[in-house]
Amino acid sequence: MSLPIRAMRLAKNLSQDYARFARPFTHHRAVSRRRLTTMASAEPASEWLQQDSRRMLHAVYRVGDMQKHIDFYKLLGMKLLRQRDIPDDKYTNAFLGFGPEDTNFAIELTYNYGVDSYDIGEGFGHFGVALPDVAAAVEKIKAGGGTITREAGPVKGGSTVIAFAKDPTGYMWELIQRPQTKEPLCQVMLRVGDLQRSIDYFTNVMGMKLLRTRDVPDHKYTLAFLGYGPEEDNCVLELTYNYGKTEYAKGNGYAQVALSTRDVYKTAEQIRAAGGTISREPGPVPGIGTKVMATMDPDGYKWVFVDEDDFNKELEEVPKEEVPEQQ
């Protein structure tokens with residue numbers, strides 16, 4: 001489900017401080033010479049981390065023209081799930097995805113009145129969408145006036161067919177050819193300065209599992225895929241480490257990813273105990289009541305945990321006027 005709007009606005013004022021967990025890799029062969037896994041010296045996962053049920057809920061980011069983005073994402077096969085306008089605060093939100101928010105990952109778009117463009121920065125990489133026929137999707141996007149930056153074809157060094165498209169604000173979308181899946185909105189890719197440090201954080205602190213890694217020395221980068229379930233049926237986090245690159249400008253477009261938890265208070269305690277940084281203390285959002293908390297990862301990306309029950313209650317109480325009658 002999507003993070004409440006007022007929560008998102010409060011999140012703009014959160015501290016940008018974050019913990020530096022370890023020295024970054026500085027030699028471009030360091031990643032390929034050692035196994036990418038959690039630190040052997042790390043303490044066992046807390047009891048709460050083992051008991052909690054977590055899921056990636058949605059990604060939040062800002063766009064310059066709401067209707068153009070809705071039209072573009074429909075070319076990818078998404079549906080407009082709901083939309084709301086907040087004239088008093090001068091912004092509009094739209095929620096899109098391939099399935100209901102209580103079961104599927106979604107994107108939450110924010111249009112701020114009068115702001116037509118954003119600096120996407122270097123850190124955010126792309127969103128990934130799994131499609132059964134990438135070549136056909138490319139032609140559909142072109143016919144609809146969309147921009148293709150890489151034509152359909154095998155990935156370098158592999159056989160998987162991919163393509164890249166750019167949305168109206170400039171966010172990149174990787175089209176990945178896969179058989180039918182229950183979660184086509186399959187990846188959020190972020191660039192990091194120290195891959196092992198990030199793997200340690202997302203496994204030991206956030207409770208994700210390391211699903212796979214891939215080193216591509218010819219092109220000087222390494223990938224790691226992490227998530228709360230199998231990659232085939234869940235949206236996962238793709239981390240990219242470019243040899244020798246330790247920092248990235250964040251820009252002001254991409255905002256955060258929201259995750260579910262059964263208890264934001266216990267999750268905050270668990271994150272602190274594991275060495276993580278809390279950037280918003282757990283508690284209800286004023287005027288809404290949904291309980292949330294936020295943390296910053298070692299590269300400064302924001303992650304917001306939302307109480308699972310409150311999250312589902314919000315969906316049940318969505319006003320009918322926010323839900324489009326036709327998709």
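Further up the page is the structure itself.
Everything in this summary refers to the structure shown in the same document.

1. Some remarks on the sheet that holds strand 8 (residues 172–177)
Right, so step 1: Spatially, 6-7-8-5-9-12-11-10 is the arrangement adopted by the eight strands of the open sheet, whose pairing is mixed. Either end of the sheet is taken by a strand with one partner, and the two such strands are strand 6 (147–154) and strand 10 (209–216). Going across the sheet, the axis of each strand differs from the next one's by a mean of 20°, ignoring polarity.
Right, so step 2: The pairing of strand 9 (residues 185–191) with strand 12 (residues 236–242) spans five bridges and is parallel. Note on strand 12: the bridge partner recorded for Gln187 is Val236.
Right, so step 3: Lying on the sheet, helix 4 (residues 134–143) is in contact with strand 5 (124–131), strand 6, strand 7 (161–166) and strand 8; it crosses strand 6 at an angle near 165°.
Right, so step 4: Helix-sheet contacts for helix 5 (residues 195–205) involve strand 10, strand 11 (221–227) and strand 12, and the interaxial angle to strand 11 is about 0°.

2. Considerations on the sheet that holds strand 15 (residues 291–296)
Paired through their backbone hydrogen bonds, the strands of a sheet run either parallel or antiparallel.
Right, so step 1: The eight strands are arranged 2-3-4-1-13-16-15-14 in an open sheet whose pairing can be described as mixed. Strand pairing shows two members of the sheet lacking a second neighbour, strand 2 (79–86) and strand 14 (277–284), which therefore form its edges. With strand direction ignored, the average angle separating the axes of adjacent strands in the sheet is 20°.
Right, so step 2: For strand 1 (residues 55–62) and strand 4 (residues 106–112), the ladder comprises five bridges, and the chain directions are parallel. Following the sheet pairing, His58 is matched in strand 4 by Ala106.

Conventions used here
- Residues numbered from 1 in each chain as written.
- Predicted model: local features only at pLDDT ≥ 70, side-chain atom pairs only at ≥ 80, totals over all residues.
- Heavy atoms only, no water.
- Pairing = 2+ DSSP bridges.
- Helix = DSSP H or I, 4+ residues; strand = E, 2+ residues; numbered from the N terminus.
- Axes fitted to C-alpha atoms, helices over the stretch in contact; angles between N-to-C directions.
- Contact = heavy atoms within 4.5 Å.

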